[in-house]
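# Architecture at a glance
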2 protein chains.
Amino acid sequence: MTFPIPPGTRDVLPDEMRELRALMDGLRSSLQEAGYGEVRTPTVEYEDVLRQGDERAAGAGWRLFDEHGNLLVLRSDMTIPIARMVGTRFADVDGPLRLCYSGQAYRSVTRGSGQLTEFLQVGAELIGVPGVEGDAEIVALVLDALSGSGLRRHSVGLGDGALYRALLDAFEVAGEDADALMSALMQRDLVGLEARVRSAGLPEALFVVPGLRGGADVLDRAEELMGEVGATALIELRGLHDELSRRGYADRLILDLGLVHELGYYTGAVFEVYDPAVGFALGGGGRYDQLIGRFGKPRPACGLALDVQRVHVAQAAEEKMR
Amino acid sequence: MTFPIPPGTRDVLPDEMRELRALMDGLRSSLQEAGYGEVRTPTVEYEDVLRQGDERAAGAGWRLFDEHGNLLVLRSDMTIPIARMVGTRFADVDGPLRLCYSGQAYRSVTRGSGQLTEFLQVGAELIGVPGVEGDAEIVALVLDALSGSGLRRHSVGLGDGALYRALLDAFEVAGEDADALMSALMQRDLVGLEARVRSAGLPEALFVVPGLRGGADVLDRAEELMGEVGATALIELRGLHDELSRRGYADRLILDLGLVHELGYYTGAVFEVYDPAVGFALGGGGRYDQLIGRFGKPRPACGLALDVQRVHVAQAAEEKMR
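Let me sum up the structure you'll find in this document. Model, not experiment: these values are computed from the prediction.

### Some points on the overall build of chain A
If you tally the helices and strands in chain A, you get 12 helices and 12 strands. Since a compact globule built from 322 residues should have a radius of gyration of about 20 Å, the 20 Å found for chain A is in line with a globular shape. Along the longest, intermediate and shortest principal axes, the C-alpha atoms of chain A span 60 × 50 × 50 Å. Here the contacts in chain A between residues at least 6 apart in sequence split such that 68% fall between residues at least 24 apart. For chain A, the separation between the mean place of its 33 positive charges and that of its 49 negative charges on side chains is 4 Å.

In structure tokens:
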């Protein structure tokens, strides 16, 4: 007889757990020392409440029914539950709210593959601080937390979640073409993106811009290509890059104009956390100025979440490279 | 519009979370300092795997289906998942295994009420140390952990999960009568128990023994009433009481011969944790010598789990009484 556990889940034995716990506690302590108060939400939420936050987030998790036949889901991220909490429990707070969390979430490994996974997250949400000021605080916070946990080579990719949509609008690409391009970009399939742009006879900027990745010169190049079109997004992104550089994080930043996120609630800057020692992102986040308003009084907000088990793998991989 | 969360779940805001986190970390640190290595298992398990551990444990949780139509459940306790882990992942370990955990579990508040709840547990499992030696280690461990977290008035109820079954067998009570008595006892309905014993013309010991609660004299009285019948259980219980008294815990012990647990896997001593400042148990556990064998090589084992939110309420209630 065998006694399997569900695919995408794990048993963690003491040696590994000791390291994971130290990492998780260390990351959370960094956030708390910076003034982020820990919160906790239920593992299970009503599906229509999560759907209020984002159509796709609600569909991504494991589903179950309660005794009254209501559809419940295991939370697929912490941002929507925290937006719900802020909208309903912090309605009277006007000043900035700094919240952090650690806990499990449950999500499709690849959308549509049917394979679900349980993962450990530590993250932070900054509510009530708009634009560059808020974005820079969150990115610096997470870079510092990772330095505190012993990483030496980590970096953050900076993009803008509204940039490509603005590009499509500016070139009046809509309908099937727009969907196909957006979908290729979300899969980071730049080859497919280029092929589609060429076969549809659309402007080259539609594949050149999302391929731009690197330092501040990336923004110069994008400005040439986009002109007025990308004005807002590019100005914000340059502002964020300048502000973080001013604070001493220049060598940890990678501008990435093809960075978009699957979840639909991002409205501005988007972030992805990397380490050259491993081939996957350690976490991600961004600005979501429209999300909290779906649950109460509108407030600007941004956040970033780390996958603790991936950060743990990166720690080990960096150790080996020393 | 309202955005409810499922009944039996909670949002925890920063002020409360800071206290819960300190409590949870403090309890876990106590266990770890005593040599208990932290482990982690998936939140979700296959229903038939949990059922292998205990029929009722599998039925107590929230159910969901995976993409292949397999029935999954949110774990209703940590002991069965850890028994599964020990049976499958520690098959080669012969010496004692000391494991601890902290995490959520999901269970009916009252069986059959349909009301389910998410709760935070911290607990310990001692595998490979049989009888009184193992039981005393676990009880002392948890009493110390609670003292470490600032409780001053906590105690542990000591009973034997096999005692009443032995009593029923000895008096040859079977079938409907036995089920009715067992069920009354599980609901701690001693009035109903007495009525049933009297109306069926059964020996008085069947309601007097489970009503015995107090110091070591309880064991003397039970021996008079039970004679040979309760020999094994009472000898073990006296041994445990003596050993814990020898270690200085006498004033923290309450012998309770009516203590049984709902879960069917307990085979010997059972424990329940109290604090006079609150009207509910803070946790419970016991010896389960047959459980690990259902997942691999048989090993004696016992464990105890605390409900962190209940301990937190007791902390606050004790503060008020000072």
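### Looking at the interface of chain B and chain A
Frequently, the measure chosen for interface size is the accessible area that the parts lose on association. Between chain B and chain A, the residue contacts involve 53 residues of the former and 52 residues of the latter. Both faces considered, chain B and chain A share a buried interface measuring about 4,500 Å² in area, 58% of it formed by carbon and sulfur atoms. Linking chain B to chain A there are 6 salt bridges. The closest approach of N and O atoms between R21(A) and E38(B), which form a salt bridge, is 2.5 Å. Linking chain B with chain A are 14 residue pairs in polar contact (both at pLDDT 80 or more). The greatest single-element share of the side of chain B that touches chain A, amounting to 6 residues, is contributed by helix 1 (residues 14-33) of chain B.

### Digging into the side chain of Q104(B)
Looking at the secondary structure, you find Q104(B) in strand 5 (residues 97-108). Side-chain polar atoms of Q104(B) contact the side chain of T43(A), separated by 3.2 Å.

### A look at the nonpolar core
Among the nonpolar cores identified, the biggest contains 70 residues, and I138(A), L158(A), Y164(A), L244(A), L257(A) and F271(A) are the most heavily contacted of them. With 9 residues, the single largest contributor to this core is helix 5 (residues 131-148) of chain A. Counting 69 residues, the second largest nonpolar core, distinct from the first, contains L27(B), A178(B), L255(B) and A269(B).

### Some details on the packing of helix 1 (residues 14-33) of chain A against helix 12 (residues 308-321) of chain A
All names here are of chain A. Two elements in contact, helix 1 and helix 12, have axes whose closest approach is 10 Å; the angle formed by their N-to-C orientations is 105 degrees. Viewed along their axes, helix 1 and helix 12 adopt a mutual orientation that is roughly perpendicular. Residue-level contacts link E16, E19, L20, L23 and M24 of helix 1 to V308, Q309, V311, H312 and Q315 of helix 12. Along the lines of polarity and charge, the residues of the contact of helix 1 with helix 12 split into 5 nonpolar, 3 polar and 2 charged.

### Comments concerning the packing of aromatic side chains
Within this structure, the stated rule accounts for 6 aromatic pairs over all chains. Measuring from ring centre to ring centre gives 4.8 Å for Y265(A) and Y266(A), while their planes differ by 50 degrees; the resulting arrangement is tilted. A relative accessible area of 16% means that Y266(A) is categorised as buried. Relative to F3(B), the ring of F295(A) lies with its centre 4.9 Å away and its plane at 75 degrees, an arrangement referred to as edge-to-face. Here the residue F295(A) occupies a position in the loop between strand 11 (283-287) and strand 12 (301-307), and F3(B) occupies one in the segment before helix 1, the pair thus bridging two chains.

### What about empty space enclosed by the protein?
Here the structure, examined in full by the defined rule, presents 11 cavities of 30 Å³ or more. Empty space within the largest cavity amounts to approximately 160 Å³. Along the wall of the largest cavity there are 15 residues; nearest its centre are R21(A), R40(A), R21(B), R40(B) and S102(B). Elements that contribute at least two residues to the lining of the largest cavity include exactly helix 1 and strand 5 (97-108) of chain A together with helix 1 and strand 5 of chain B. Here the residues of the lining of the largest cavity are counted per class, giving 4 nonpolar, 6 polar and 5 charged.

### So, the relation of the copies chain B and chain A
Rotating chain B by 180 degrees and moving it 0.0 Å along the rotation axis overlays it on chain A with an RMSD of 0.0 Å. Such a turn and shift between the copies fits a two-fold axis. Among all residues of chain B, the minimum C-alpha distance to the rotation axis is found for L64(B), at 2.3 Å. Most of the interface of chain B is mirrored in chain A, where 98% of its interface residues again form contacts.

### Things to note about the environment of L27(A)
Residue and element names in this part refer to chain A. Assignment of secondary structure puts L27 in helix 1. Relative accessible area serves as the criterion here: at 0%, L27 is assigned to the buried category. For the pair L27 and S102, spaced 75 residues apart in sequence, the C-alpha separation works out to 9.2 Å. In this structure L27 touches V122, A145, L146, S149 and L306, once residues within four positions along its chain are discounted.

### Section: the pairing of strand 9 (residues 253-256) of chain B
Residue and element names in this part refer to chain B. Note: strand 7 (residues 155-160) against strand 9, 3 bridges, orientation parallel. By the bridge assignment, V156 is partnered in strand 9 with L253. Strand direction decides the pairing type here: strand 8 (residues 213-214) and strand 9, joined by 2 bridges, are antiparallel. What sits directly across from R213, in strand 9, is D256.

### Digging into the pattern of salt bridges
If you walk through the whole model with that rule in mind, you get 52 salt bridges over all chains. Across the pair E223(B) and R238(B) runs a salt bridge whose closest N-O atoms are separated by 3.3 Å. Here R238(B) lies in helix 11 (residues 231-246) and E223(B) lies in helix 10 (residues 217-226), a separation of 15 residues in the sequence. Taken together, the salt bridges that share partners define one network made up of R21(A), D25(A), R28(A), E38(A), R21(B), D25(B), R28(B) and E38(B).

### Remarks on the side chain of D256(B)
Residues and elements named next belong to chain B. Residue position: D256 is located in strand 9. At a separation of 3.0 Å, a polar atom in the side chain of D256 contacts the side chain of R188. Once residues within four sequence positions are removed from consideration, D256 is found in contact with L158, G159, R188, P210, L212, R213 and Y274.

### So, helix 5 (residues 131-148) of chain B
All names here are of chain B. Helix length check: helix 5, at 18 residues, gives a terminal C-alpha distance of 26 Å against a target of 26 Å (1.5 Å per residue), a fit within 8%. Most of helix 5 sits inside the fold, with 13 of its 18 residues counted as buried. Two residues or fewer after helix 5 comes G150, characterised by a positive phi angle close to 100 degrees.

### Re unusual backbone geometry
All names here are of chain B. Of note, E172 is a non-glycine position whose phi angle comes to about 55 degrees, a positive value. Turning to its location among the elements, E172 is positioned in the loop between helix 6 (163-170) and helix 7 (175-186). Looking at E172, the relative accessible area reads 73%, which means it is exposed. Here the phi dihedral of R188 falls at roughly 55 degrees; this positive angle occurs in a residue that is not glycine. With respect to the helices, strands and loops of the structure, R188 is situated in the loop between helix 7 and helix 8 (190-199). Judged by its relative accessible area of 39%, R188 is partly exposed.

Conventions and cut-offs
- Residues numbered from 1 in each chain as written.
- Chains lettered and ligands numbered in written order.
- Predicted model: local features only at pLDDT ≥ 70, side-chain atom pairs only at ≥ 80, totals over all residues.
- Heavy atoms only, no water.
- Helix = DSSP H or I, 4+ residues; strand = E, 2+ residues; numbered from the N terminus.
- Rg over C-alpha atoms; globule rule 2.2 N^0.38 Å.
- Contact = heavy atoms within 4.5 Å.
- Lys, Arg positive; Asp, Glu negative; His and termini not counted.
- Charge placed at Lys NZ, Arg CZ, Asp CG, Glu CD.
- Buried area = accessible area lost by both parts, 1.4 Å probe.
- Salt bridge = Lys/Arg side-chain N within 4 Å of Asp/Glu carboxyl O.
- Polar contact = N/O pair within 3.5 Å; in protein donor to acceptor, adjacent residues only side chain to side chain.
- Core = buried A, V, L, I, M, F, W, Y, C linked by side-chain atoms within 4.5 Å.
- Buried < 20%, exposed > 50% of the residue type's maximum accessible area, 1.4 Å probe, protein only.
- Axes fitted to C-alpha atoms, helices over the stretch in contact; angles between N-to-C directions.
- Parallel < 35°, antiparallel > 145°, perpendicular 65-115°, else oblique.
- Nonpolar A, V, L, I, M, F, W, Y, C, P; charged D, E, K, R; others polar.
- Phe/Tyr/Trp six-rings, centres within 6.5 Å; stacked < 30°, edge-to-face > 60°.
- 1 Å grid on protein atoms, 1.4 Å probe; cavity = no way out; pocket = protein on both sides within 12 Å on 5 of 7 lines; lining within 4 Å.
- Points joined across faces, edges and corners; volume = space filled by probe spheres on them.
- Least-squares fit on C-alpha atoms with pLDDT ≥ 70 in both.
- Pairing = 2+ DSSP bridges.
- Expected span 1.5 Å × (residues − 1).

It is worth stressing that arrangement in space is one thing and function is another; only the former is reported here.
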